[in-house]
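What follows is each chain in one-letter form.
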Amino acid sequence: MSVQAADRTSVEKLSTDEQLALRSAATWYFKRHARIIAEEADDRSALAVGRREDFLGLHSALRKLGVPIALPDELRRRA
């Protein structure tokens, strides 16, 4: 089994509808999982830390895409 590099199409190459769909899906995912990730805010296990880092990265990306979404209080101190 081999691993191939993912296609790294930039957001600018996506159509307006595709960009909107991507923003909407990412925002839905963020809102759906925010409480779950926040509940693990004090968990220092590698899995929880990795999930938090990924989630904070998603938050940063959404803000850069113009989605003004707030972090839960438990995660704000980790950002």
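Preceding this section is the structure that the text describes.
These figures come from a predicted structure and were not determined experimentally.

**Q** So what's going on with the overall build of the protein? Residues and values would help.
**A** For the protein, the helix and strand inventory stands at three helices and zero strands. Taken from N to C terminus, the helices and strands of the protein fall in the order α-α-α. Within the span of the protein, comprising 79 residues, buried residues form 24% of the whole. Taking as baseline every contact in the protein between residues at least 6 positions apart, the subset at least 24 positions apart corresponds to 55%.

**Q** Describe helix H2 (residues 46-64), and please don't skip the residues or the numbers.
**A** Helix length check: H2 (19 residues) gives 27 Å between terminal C-alpha atoms against 27 Å at 1.5 Å per residue, within 8%. For H2, every residue scored as buried is listed here: Ala48, Arg52, Phe55, Leu56, Leu58, His59 and Leu62. The arc enclosing the buried residues of H2, seen along the axis, measures out at 155°, which places them on a common side. Facing away from the buried side of H2 by more than 90 degrees, the exposed set consists of Ala46, Glu53, Asp54 and Lys64. As for H2, its buried residues are in contact with helix H1 (16-39) and helix H3 (73-76). Following H2 by one or two positions, glycine 66 has its phi on the positive side, about 90°.

**Q** Lay out the packing of aromatic side chains in plain terms, naming residues and giving numbers.
**A** Enumeration according to the criterion identifies one aromatic pair in this entry. Ring centres 4.4 Å apart and planes at 15° place the aromatic pair phenylalanine 30 and phenylalanine 55 in the stacked group. One end of the pair, phenylalanine 30, is in helix H1; the other, phenylalanine 55, is in helix H2, with 25 residues separating them in the sequence.

Conventions used here
Residues numbered from 1 in each chain as written. Predicted model: local features only at pLDDT ≥ 70, side-chain atom pairs only at ≥ 80, totals over all residues. Heavy atoms only, no water. Helix = DSSP H or I, 4+ residues; strand = E, 2+ residues; numbered from the N terminus. Buried < 20%, exposed > 50% of the residue type's maximum accessible area, 1.4 Å probe, protein only. Contact = heavy atoms within 4.5 Å. Expected span 1.5 Å × (residues − 1). Arc of directions from axis to C-beta. Phe/Tyr/Trp six-rings, centres within 6.5 Å; stacked < 30°, edge-to-face > 60°.

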